[in-house]
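Chain residues, written in single-letter form:
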Amino acid sequence: MSRKWIIPFFMAACLPFLSGCWSSIELKELAIVSAYALDKKEDGTYVGTFQLINPMNVPGALQGGASGQNPSIATYTATGDNPLEVADRASTIVSRDLYFAHTSLLVISEELAREEGLSSILDAMERGIEFRTTTKIVISRDVKAGEFVQVLTAIDQVPAEKAIKSLEFTEELYGENIATNLQKFINAAVSTGKEPLVSGFSVEGDIEKAKTMEQLQSSDGSATIKVNGMGVFKEGKLVNWIDGEKSEGTLWVLDQIRQAPVNIDWENHEDAISYKVVRQKTNVATKIKDGKPAISVHIRAEGDLRVIEVPVDITNPHVLFRIEGALQQKIQAEAKAAIEVAQKTKTDIFGFGEKLHHSEPKVWQQFEKEWQDVYFPALDVDVTVEAFIRRTGMRNNPYLFDLNKKSE
Amino acid sequence: MSYRKLRKKMHYKEQIPDSASDTQKSIDTSITENLNFIKQKTGNSPDIIIRTLAISHDPKVSAAIIHVDGLVDNPTINEFLVQTMEDSVQEKLQDEDLFTVFTEKVVAVGSLETVSDWDTLFQSLLSGDTVILLDGKNEALIASTRGGERRPVEQSDSEITLRGSKEGFTESINTNTALVRRIIKNPNLWVESMNLGKQTNTDLSIMYINGIVDENIVKEVRQRLGRVDLDAILDSGYIEQVIEDESSGLFPTVTHTERPDAVAGNLLEGRVAIFVNGTPHVLIVPAIMIQFFQTPEDYYVRFPISTLIRMLRVFMFLISLIGPAFYVAVTTFHQEMIPTDLLVIIASQTESVPFPAIVEALIMEVTFEILREAGLRMPNKISATISIVGALVIGQGVIQAGIVSPAMVIVVATTAIASLATPNYDIAISARLLRFAFMLGAAIAGFYGIILGLIMLIVHLVSLRSFGIPYMAPFAPLIPKSLKDSIMRGPIWSFNERPKSLNPQNRVRQGTDQKPLPPIKRGMMRAETKEGDKNES
C-alpha cells in the first residue's frame, strides 16, 4: 500500500470507534420504553408516563445482577402539549435516549378517550419513526393511565407484557375482549363503515402498595391488573362500554371467537351445560332489499361439551341435537343483543357498512354519509346460527345420569 | 533519502546462475577423469557412493557404480548390479560392444538408459538412479534404482472422511501418481512430467484424462507452468501461487487435496491435476467456488443427506463471514429487530461492559485468532494448556470481569465453530479475514454496511476466473443442468453429463437409465421362500 493510501485508511479505520456516528447507538444508551401512558390535566396538557425496562433488575437476565430485589421497571412522568413533546421533555429526567421501538402497550385514560378522542394522539404515534403500528392500545378504566403502568406484576416481570398477554389470552380463551393495535384502530377509525373497539383495563386493589416491591413479595399481591370490557369508539372518541355476554356476542358477529365457553340452561337448571367452541366461522352477507340494505349474519360453531351438571343421556344423538338447538338459540340471542346495543349507540362496530361498501360499491355512496346515525340503527339484521357438538369430552354420559339409572 | 529512493538504488541486475557452465563439458572417455569430475562437482560429499570394479582382465576394463546413499533402493543395487557385475567378470573381453553386454546380460534392473551429458547424469543421480560408468566410453548407463526411506501411504490428517478410501497421498510423486492410476485403470489417463526449480530440480507431473479434458485447459496449464522460473519449489504451494489467476485476491482459484479419490473424481469431470514431488498436496485446476464446499464423501452417502450437509456448509460459511458483523449491526443500529425479551437480556449483559459493541467484538475475535494460532502449531501436551487458558481464563474471566458480554462470547464462539466447519481451509481462511472487514462495515453503517460489503464481495467473486472458467459457475453464468451438483447433490443416477462449465470433450458420463427400479412382480421374490424357511408364515 502506498503512502497516499495509508493515511486515509487509518482515518477510515478510526470511524467505527468514534461516537455519534450515523444512527449508531449502543444498547446501554437506550431506555427501552415498554409502555406509554397518556393522561390529561385540567389545563389541557398531556401527562405522559413512561414505563422503562431496567434490564439489570429483570430476573434471569444476568447472574449477579440486582434481580429480584428491585423493580424491573422504572416510571417517569412528564407533561407537554402533544405526545411527542411529552417524550422530548422526558429527556430532562431520563438519562438515556427513550426508545419506543419496543413499546408494546399504549394506555389511554378513559377521561382522555372520552373528552378528546384519540385522533390527535395517534397521528403522532403513527408518524414517529420508532413507534410501531403493532403497539396494542388499551383504555385504563376508572384509574389514571399513569398509575396503571406503575403497578408491578408478579409472573411477568414487565407489567406491559403482562397486560398484553392477559389481553391476548382472554381474547383467545374467553372471547370477551379484543386486542386492538394502532393499525387496526386507525383503519377502523378512518373507515366510514366501521368503528373501532378497544379493550379496557382496570386495577383492583391498593395501587399505592402495588407500585412497591411489596406487591411482589406476597402471593396475592396488593393490586391486580384486569381486563375489563371493550370500549366503543365513535369519531375517535370513547362513547360506550360493552361488558360480559354482550361483548361475547359482539365477538361472535366480528368472527373473532377462537375458544369461548357457552353456557346453556337445561331443564330448569341454570347454566347446566357448558360448551367450548373450538372452531368458529361467521359470514356476513349484505343485500339491498326494497332500496334498503339488509344484513344476514351466519354463525357456524364447532366445539366440545365440557361440563354437564344434569343427568342427560348424551349417547343418544337426539339429545345431542336438542343441546345443539339450545346452543344455537343462546348464541343467536347473544349476537342479537350485541347488535341491538350497537344500533342504540349508533356505532357500527361490526363493519357492516364496510361489507356493504365492498359488495355494493355504487349503492354505498348514498348511505355513506349518514350510515352511522340513520341507516345502521335502522338496519334489518338476520342472525342464523349453526352449532355442532364434535366431542363430548373424555367420558360419555355424566355420572349423574348413571347414578339415576342405578337408583331406578 | 526516502525509503523509496533507497530501494531503487538497491535494485540490482538479475544474476544468471552458473549452472549453464556444466553443460559445456561432456562425458569423457577416461573413467578416472569422469570420477574426478563427479567428485569435484559434488564437493566430495560422502553420501555420493562410488564403487569401482574390474569387469574384464584382458584387456583390463574397469567400471564404476555411483549412487547417492539413502536415495536408492539398496537391495536392488546389491543384488542386481554389484552382484551380477562381479559374477560376470570376464577373463577375456570379446570384441563385442561393452554396452550391449551390459544391457543384455549383466544389468538386471527395470529401466536402463544411456546418457552422454552431465546435466542429465546428475539429474538422474540425484533423483536416486544409479550411474554406471565404463572405462573408454563417453557415455554412461543410468539404472533406475530409486527408493529409500519414504513415508508410507497413510490416512490424510487434513481431509478425514468417515466413508470412502482411507488412502492419502505421500511425499513421493511416483507413489502419488500410482495411487490415482490404481483408481482409474484407463490408458487415457495421461501424465506429463517436467522438472522445475533452478536449484531444487523438483519433479512435477500434470495428469489428465485425454478425451475428457478440454485441450485448452491443458494447454493453459502447460503454458503457465512453462513460465515458472523459481529458485526452489518446496511445496505445491509455490506452484499454486505462480500459476493462479488472482494472486493478490483473498479467494483461492486453485484447490488442492490429499486424497486420491478426490483427484480421480476431478479428473473424470475434466480437470487437470498437478503433482509436485515432496508434498502430499496435489493441485487441481480449474477450481470454482462451490468446490470448496464439497468433499469426496458427499458422493458416497445418499443424496438427500449430502444435499443438506452441503447447504449447512454454505450456511456455516455465511455465519463465519458475517456472524459478529450481524450482532454488531443489530445491537448498535437495529435494536428494533431483536425480540423484546431477548433485547432485555442482551441489554442487561452489556450494561456493565465499558466498550462499544464493535470494540467488544474486535477484542474477542482477535483473542480467538491468537488462541487458534497459538494452539495450531503446538505439541499436543502444550495445546491442552492453551485450551484451558482459552476457555477458563479468557472465556470465563473476561465475562466475570465485565469486559465482554456473554452474548458476544456466544456469537464469537459460534462463528469460530462455523469457520472450522467449512471443509476447505483455504476458503475458511478467506472468510476469517473478510469477517473483520464486515465487522467494520457493520459498525459504520449497520445492515447497510453489511449488504454493501456483500455486494462488493459478489461483484468480486463473479469477476474471478480460474484457468478461463468462471469462478461462480454454475450460478453465474447460470448453468441449470450443472446445478444438481452444486449446493445440491443430485442422485448419482442423474449425473448423466459432465459439468458443462469445464467444457469437456466427452460430455456423456453414463447411461441414462441408471435409476434403480423395483422388481416387476413381488411374486418373484416370494417364490424364493421355501418350506422350512424362517420367513415362512
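Residues numbered from 1 in each chain as written. Chains lettered and ligands numbered in written order. Predicted model: local features only at pLDDT ≥ 70, side-chain atom pairs only at ≥ 80, totals over all residues.

**With respect to the overall build of chain A**
Across its full length, chain A carries 15 helices and 13 strands. In terms of principal-axis extent, the alpha carbons of chain A reach across some 100 × 60 × 60 Å. Looking at chain A as a whole, 41% of its 408 residues qualify as buried. Taking the intrachain contacts of chain A between residues at least 6 apart in sequence as the baseline, contacts between residues at least 24 apart amount to 71%. (Helix = DSSP H or I, 4+ residues; strand = E, 2+ residues; numbered from the N terminus. Buried ≥ 20, exposed ≤ 12 C-beta atoms within 10 Å, placed from the backbone. Contact = placed C-beta atoms within 7 Å.)

**Let's talk about the UniProt feature "domain: Spore germination GerAC-like C-terminal" (unreviewed entry) in chain A**
Within this numbering scheme, the UniProt entry marks residues 228-393 of chain A as carrying the feature "domain: Spore germination GerAC-like C-terminal" (unreviewed entry). The distance from the first to the last C-alpha atom of residues 228-393 of chain A is 30 Å, and the span holds 36% helix and 42% strand. (UniProt positions renumbered as here; feature names shortened; annotations may be inferred.)

**Overview of the pairing of strand β11 (residues 282-285) of chain B**
Within a regular strand, the side chains alternate between the two sheet faces. Residue and element names in this part refer to chain B. Both faces of β11 are covered, namely the face carrying Val282 and Ile284 and the face carrying Leu283 and Val285. In the sheet, strand β9 (residues 255-257) pairs with β11 via 3 bridges, with the strands oriented antiparallel. Its bridge partner being in β11, His256 is matched across the sheet by Leu283. The sheet contact formed by strand β10 (residues 272-276) and β11 spans 3 bridges and is antiparallel. Within β11, the position partnered with Val272 by the bridge is Val285. The hairpin formed by β10 and β11 contains 5 residues between the paired strands, and Gly278 there has a positive phi angle of roughly 95°. (Pairing = 2+ DSSP bridges.)

**Examining the interface of chain A and chain B**
In this assembly, 24 residues from chain A lie in contact with 23 residues from chain B. The class makeup of the residues in the side of chain A that touches chain B is 17 nonpolar, 5 polar and 2 charged. (Nonpolar A, V, L, I, M, F, W, Y, C, P; charged D, E, K, R; others polar.)

**So, unusual backbone geometry**
Residues Val285(B) and Pro286(B) are joined by a peptide bond in cis, for which omega reads -10°. Within the secondary structure, Pro286(B) is located in the loop between β11 and α10 (303-332). Between Ala473(B) and Pro474(B) the backbone carries a cis peptide bond, its omega angle lying at 5°. Among the secondary structure elements, Pro474(B) is positioned in the loop between β13 (469-470) and α16 (523-526). With a phi angle near 60°, Asp142(A) is a residue other than glycine that sits in the positive phi range. With respect to the helices, strands and loops of the structure, Asp142(A) is situated in the loop between β6 (136-140) and α5 (145-148). Its identity is not glycine, yet Phe467(B) carries a phi of approximately 50°, on the positive side. Counting through the fold element by element, Phe467(B) comes out in the loop between β12 (465-466) and β13. For Phe467(B), a count of 22 C-beta atoms within 10 Å translates into the label buried.

**Some remarks on the domain arrangement of chain A**
Residue and element names in this part refer to chain A. Domain annotation for chain A reports domain 1 (27-242) and domain 2 (245-408). Using C-alpha coordinates to define each centre, domain 1 is positioned 33 Å away from domain 2. A total of 4 residues in the side of domain 1 that touches domain 2 trace back to one element, the largest contributor, which is strand β8 (residues 223-234). (Domains from an automatic or database assignment.)

**Looking at the sheet that holds strand β11 (residues 269-289) of chain A**
All names here are of chain A. Strand order in the open sheet made by the 4 strands is β10-β11-β12-β13, with mixed pairing throughout. Sheet topology places β10 (261-266) and β13 (380-391) at the edges, where each strand pairs with a single neighbour. Each neighbouring strand pair of the sheet contributes to a mean axis angle of 35°, computed without reference to strand direction. For strand β12 (residues 292-308) and β13, the ladder comprises 11 bridges, and the chain directions are parallel. Residue Ala301 lies in a different strand from β13, and its bridge partner there is Ala387. In the packing of helix α11 (residues 317-344) onto the sheet, contacts are made with β10, β11, β12 and β13, and the angle to β13 comes to roughly 145°. (Axes fitted to C-alpha atoms, helices over the stretch in contact; angles between N-to-C directions.)

**Regarding the UniProt feature "transmembrane region" (unreviewed entry) in chain B**
Residues and elements named next belong to chain B. According to UniProt, the feature "transmembrane region" (unreviewed entry) maps to residues 312-333, 383-401, 407-425 and 437-462 in the numbering used here. Taken end to end, residues 383-401 is 95% helix and 0% strand, and its first and last C-alpha atoms sit 25 Å apart. Spanning residues 407-425, this segment combines 84% helix with 0% strand, and its end C-alpha atoms are found 27 Å apart.

**Quick notes on the sheet that holds strand β7 (residues 189-196) of chain B**
Neighbouring strands of a sheet are bound in pairs by backbone hydrogen bonds; such pairs are parallel or else antiparallel. Residue and element names in this part refer to chain B. Pairing is antiparallel in the open sheet, where 5 strands are placed in the order β7-β8-β10-β11-β9. Since the sheet does not close on itself, it has two edges, and those belong to β7 and β9, each with one partner. Strand-to-strand twist across the sheet, computed as the mean angle between neighbouring axes with direction ignored, equals 25°.

**What to know about the environment of Thr202(B)**
Residues and elements named next belong to chain B. Mapped onto the secondary structure, Thr202 falls in strand β8 (residues 202-209). With 30 residues separating them along the chain, Thr202 and Ala232 place their C-alpha atoms 7.9 Å apart. Aside from chain neighbours lying at most four places away, what touches Thr202 is Leu196, Gly197, Ile233, Val276, Asn277 and Gly278.

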